[in-house]
Amino acid sequence: MRIGIDLGGTKTEILCLSPSGQELLRKRIPTKQGNYQDTIQSIRDLVWCAEQEIGQTGSVGVGIPGSISKKTGLVKNANSVWLIGQPFQKDLSDALERDVRVSNDANCFALSEAVDGAGKDAQTVFGVILGTGAGGGLVIDKQVVAGVNGVAGEWGHNPMPWARGDEQPGPLCYCGLRGCIETFLCGPALAQMFQTATRAQMSAKEIAGLPSDITDPFFTVYEDRLARALASVINIFDPDVIVLGGGLSNMDRWYQTVPELWSKWVFGNECDTELRKAVHGDSSGVRGAAWLWPLKSKL
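Owing to the predicted nature of the structure, the values given are computational and were not obtained by experimental measurement. (Residues numbered from 1 in each chain as written. Predicted model: local features only at pLDDT ≥ 70, side-chain atom pairs only at ≥ 80, totals over all residues. Heavy atoms only, no water.)

1. Overview of the sheet that holds strand β1 (residues 2-7)
Phase 1: Here we have 5 strands laid out as an open sheet, ordered β3-β2-β1-β4-β7, and mixed in their pairing. Each edge of the open sheet carries a strand with a single partner, namely β3 (23-30) and β7 (100-104). Direction aside, neighbouring strands of the sheet carry axes that sit 15° apart on average.
Phase 2: Examined bridge by bridge, β1 and strand β2 (residues 11-17) share 6 bridges and lie antiparallel to one another. Its bridge partner lying in β2, Ile3 is registered against Cys16.
Phase 3: Running at roughly 100° to β7, helix α3 (residues 105-116) makes contact with β4 (59-64) and β7 of the sheet. (Pairing = 2+ DSSP bridges. Helix = DSSP H or I, 4+ residues; strand = E, 2+ residues; numbered from the N terminus. Axes fitted to C-alpha atoms, helices over the stretch in contact; angles between N-to-C directions. Contact = heavy atoms within 4.5 Å.)

2. Focus: empty space enclosed by the protein
Phase 1: Going through the model one piece at a time under the given rule, you end up with 1 cavity of 30 Å³ or more.
Phase 2: Taken as a whole, the largest cavity spans an internal volume of roughly 30 Å³.
Phase 3: Lining the largest cavity, in full, are Asn104, Asn107, Gly136, Gly150, Val151, Ala152 and Glu154.
Phase 4: Considered class by class, the residues forming the lining of the largest cavity number 2 nonpolar, 4 polar and 1 charged. (1 Å grid on protein atoms, 1.4 Å probe; cavity = no way out; pocket = protein on both sides within 12 Å on 5 of 7 lines; lining within 4 Å. Points joined across faces, edges and corners; volume = space filled by probe spheres on them. Nonpolar A, V, L, I, M, F, W, Y, C, P; charged D, E, K, R; others polar.)

3. Notes on the packing of helix α5 (residues 187-198) against helix α7 (residues 212-237)
Phase 1: α7 packs onto α5 with a crossing angle of 135° between their chain directions and a minimal axis gap of 11 Å. Taken together, α5 and α7 sit at an angle that is classed as oblique. The chirality of how α5 crosses α7 is right-handed. Counting all contacts with α5, which are made through Leu190, Met193, Phe194, Ala197 and Thr198, the residues of α7 involved are Ile214, Phe218, Phe219, Val221, Tyr222 and Arg225. (Parallel < 35°, antiparallel > 145°, perpendicular 65-115°, else oblique. Left-handed = near helix turned anticlockwise from the far one by under 90°.)

4. Quick notes on the side chain of Asn107
Phase 1: Along the chain, Asn107 falls in helix α3.
Phase 2: A relative accessible area of 6% means that Asn107 is categorised as buried.
Phase 3: For Asn107, the residues in contact, after removing those within four places along its chain, are Gly136, Gly137, Leu138, Val144 and Ala152. (Buried < 20%, exposed > 50% of the residue type's maximum accessible area, 1.4 Å probe, protein only.)

5. Structural notes on the sheet that holds strand β9 (residues 134-140)
Phase 1: Taken together, the 5 strands give an open sheet; going across it, the order is β10-β9-β8-β11-β12, and neighbouring strands pair in mixed fashion. Strand pairing shows two members of the sheet lacking a second neighbour, β10 (143-144) and β12 (274-277), which therefore form its edges.
Phase 2: Relative to β9, strand β8 (residues 124-130) is paired through 7 bridges, and the arrangement is antiparallel. Counterpart to Val125 in the pairing with β9 is Val139.
Phase 3: Lying over the sheet, α7 contacts β8, β9, β11 (241-245) and β12, oriented at roughly 150° with respect to β8.
Phase 4: The strands touched by helix α8 (residues 254-262) within the sheet are β11 and β12, with β12 carrying the most contacts at an inclination of about 160°.

6. Focus: a negative patch on the surface
Phase 1: A cluster of like negative charges, contributed by Asp238, Asp240, Glu270 and Asp272, occupies part of the molecular surface.
Phase 2: Looking at the secondary structure, you find Glu270 in the loop between α8 and β12. (Patch = residues over 30% accessible without salt bridge, like charges linked within 9 Å, V, L, I, M, F, W, Y side chains within 5 Å. Areas by Shrake-Rupley, 256 points an atom, 1.4 Å probe, with all protein chains shown as cover. Salt bridge = Lys/Arg side-chain N within 4 Å of Asp/Glu carboxyl O. Lys, Arg positive; Asp, Glu negative; His and termini not counted. Charge placed at Lys NZ, Arg CZ, Asp CG, Glu CD.)

7. Description of the state of the cysteines
Phase 1: Summed over all chains, the structure comprises 0 disulfides.
Phase 2: No disulfide involves Cys49; its sulfur sits 11 Å from that of Cys16, the nearest cysteine.
Phase 3: Residue classification places Cys49 among the partly exposed positions, given a relative accessible area of 44%. (Disulfide = S-S within 2.5 Å.)

8. Focus on the pattern of salt bridges
Phase 1: For the structure shown, the criterion picks out 19 salt bridges.
Phase 2: Residue Arg164 pairs with Asp224 through a salt bridge whose shortest N-O separation is 3.0 Å. With Arg164 in the loop between β10 and α4 (181-185) and Asp224 in helix α7, this residue pair connects regions lying 60 residues apart in the sequence.
Phase 3: Relative accessible area serves as the criterion here: at 39%, Arg164 is assigned to the partly exposed category.
Phase 4: Here Lys277 makes a salt bridge to Asp252, at a shortest N to O gap of 2.8 Å. One end of the pair, Lys277, is in strand β12; the other, Asp252, is in the loop between β11 and α8, and 25 residues separate them in sequence.
Phase 5: Note on Lys277: relative accessible area 33%, which makes it partly exposed.
Phase 6: Judged by its relative accessible area of 54%, Asp252 falls in the exposed class.
Phase 7: Bridged by salt links that share partners, the residues Asp6, Lys11, Glu13, Glu23, Arg26 and Arg28 form one connected network.

Everything listed here is a matter of geometry and, on its own, says nothing about what the molecule does.
What follows is the structure, given as structure tokens:
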């Protein structure tokens, strides 16, 4: 049995999978915000309760909104700031009395879609999460590529490529730099663009529900930026498939318009990379955490 944990800022989810990928159990609880020891204890209790309910023990993988430093073993770059600087992987392994694997939540998303989702037929999959931020993960041969610095796939913190005059120097990002891709493509960025033009304060989800004659001017700008940003990914990794997840991935028009646009910026002016919507949706992160342990057989 494989156990996946998705440690989010507001909720913590556990998923138990059989060796063939069948869902055996799924539960969600509120995340213990601000208290590191409570976070460790709540995950330990979730795993133990799940194993008692099913009557099996399992491997444990965890997706976190950050990464583990290969130099120090401590958490870095985490939105859940109470994890930063903590030996999360070691402490959780000690609490569960077994080895635990930990990866960035975007890596887990990409792995899930590469194993048995939208990219299951592909060798190289780049997973993109478009939500409150813009995360990414790279999977080759159904294995996460984390990189020597543990930041492979962090395309959201590159500057917007081929930036235009009105896009420079760009909005200030929480990372301290200006013009990061995330500041243009996250949900709040779309909402801010809409509010600036219309003075109407709406979420990205609410904007998506408006008539097309209202949204077209904003979506045309957004998909042009998305195409430029993904073209730079293709020029580096040349993936077979790019899978979109997160709230903004539900816009069906992206899957037609963006591939039509990105060839302009892809080297050689042609591109066979496919853009696909995530199969597992919000469940991909926790599924990918479960798949952090190597596959023994192909699904």
